[in-house]
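Structure at a glance
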Amino acid sequence: MKQKILVTNIPAFYKIRMYNEVNKQVRLHVIFTDAIESDRNSDFVNGDIQFQYTILKGTNRQKISQAISIVKSIDYAELILGGWDHPVLWALAFRFPKKKNAFFIESSYFESTTSGMKGFIKSLFVKRLSKVYASGKSQRRITDELGFKGETIITKGVGVFNYIPQPAYTPKDKVQNFFYVGRFVEVKNLKYLITVFNSLPQYNLYLAGFGEQEEELKAMAKQNVHFLGAINNKELSGYYQKMDVFVLPSLIEPWGLVVEEALNNGLPVIVSDRVGCAEEIIDESNGIVFKLDEPSSLNAAIVRMAEPEKYNKLRKNISLMNFEEIEKKQIECYTK
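The written sequence of each chain sets the order in which its residues are numbered from 1. Where local features are concerned, this predicted model is filtered to residues with pLDDT of at least 70; where side-chain atom pairs are given and counted, the filter is 80 or more; whole-chain, interface and lining totals use all residues. Just so you know, side-chain values use all the structure's heavy atoms and leave hydrogens and water out.

A word on the sheet that holds strand 2 (residues 27-32). Pairing between two strands is assigned when DSSP locates at least 2 bridges connecting them. Counting from the N terminus, the helices are DSSP H or I runs at least four residues long and the strands are E runs at least two residues long. Sheet architecture is open: 7 strands sit in the order 3-2-1-4-5-6-7, paired in parallel fashion. The open sheet is flanked by strand 3 (52-55) and strand 7 (151-154), the only strands paired with a single partner. Between one strand axis and the next, the sheet turns by 20 degrees as a mean value, whatever way the strands run. Relative to strand 6 (residues 131-134), strand 5 (residues 101-105) runs parallel, the two sharing 4 bridges. Bridge assignment links I105 to a residue of strand 6, and that residue is A134. Only heavy atoms enter the contact rule, under which two residues are in contact if any of them lie within 4.5 Å. For helices, the fitted axis covers only the stretch in contact; all axes are lines through C-alpha atoms, and the angles between them, taken along N-to-C directions, range from 0 to 180 degrees. Across the sheet, helix 1 (residues 13-23) touches strand 1 (3-8), strand 2 and strand 5, and the angle it forms with strand 2 is around 155 degrees. Together, strand 1, strand 4 (78-81) and strand 5 form the strand contacts of helix 3 (residues 87-95), whose direction differs from that of strand 4 by roughly 150 degrees.

Shown next, in the form of structure tokens:
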């Protein structure tokens, strides 16, 4: 069986699920550069790990030493580096053979600079790669602009979430409840989202999550905007299925796993054109992509989505999506 080494940041639940599946076909050793992020739900780092792994500890210098030692001890076919935002990743890229170096990229071109000094430095990293796993078109664009000429594989995902059998299609004659799940931070553009719903009192907005903007957002919200607090990932399905539409208005969103979760729970979606998965999985059959640089675009998308004829058409299409097949194709990208 082939042996691959994968280096990434934290053991997030959706990564654990994906690596467990990959490990059934390719022997996998995962090196995690960190243990947890403080602004995530308590169960964000959670799961039954079924692959070999190491969580690096200590200073960056100590982590680099640990990582190099692990890689040197394994007769591997591929070293997959998860980004370029940690010194360990740079050390490994330049320490080990280019022909075995691969890279998986989850950032989209909206938030990742490819010009100037930063772009030049990243281009040096890219020259140490022979393969790129890009989650979508918005991600591939980065390495293309940095001059990567090797093999690129589009995975159409960043991991495997807790998917469920698709809910049966049931038409609705009233669309009223809109849902957001995520952190309450500036990049999620929630002030704008709430401002729009403040002007549309006929629709309800429900927000699940927490973060540094929470009190400010609550202070500006009118009566049709409701805060649900933090919800464990395993409990989210019940909330999704009580709602009508999912909304993600982010200024920057590398991918947007919550968009896939919403679709899997039967919800049509409204996302900004800065959401990384928008080009890959959102089209006229399952949602609406609004333009951030057009102030009335989100308002128009909400009103359009609330039309029963439009909504029910999307909802019926979504009920036919096969997430088991989507997962299978994503796993196959890493096992070839």
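Here the narrative resumes, following the displayed structure.
Here 4 bridges tie strand 6 to strand 7, and the two strands are oriented parallel to one another. Note on strand 7: the bridge partner recorded for K131 is E151. Once the chain exits strand 6 it traverses helix 5 (residues 137-145) before rejoining the sheet at strand 7, and the crossover so formed is right-handed. With strands facing away from the observer, any crossover in which the path from the first strand over the helix to the second runs clockwise is taken as right-handed.

Okay, the packing of aromatic side chains next. Each pair of aromatic rings taken from Phe, Tyr and Trp, with Trp reduced to its six-membered ring, is defined by centres within 6.5 Å and is described as stacked if the planes are under 30 degrees apart, edge-to-face if over 60, and tilted in the remaining cases. Scanning all chains against the criterion turns up 19 aromatic pairs. Consider the rings of W90 and F94, whose centres lie 6.2 Å apart with planes at 5 degrees: the pair is stacked. A residue pair is termed a helical-turn pair when its members lie 3 or 4 positions apart in one helix, as W90 and F94 do in helix 3 at 4 residues. Put simply, a charge is over a ring when the Lys NZ or the Arg CZ is close to the ring centre, within 6 Å, and near the line of the ring normal, within 35 degrees. Between the NZ or CZ atom of R141 and the centre of the ring of Y109, over which it lies, the distance is 3.7 Å.

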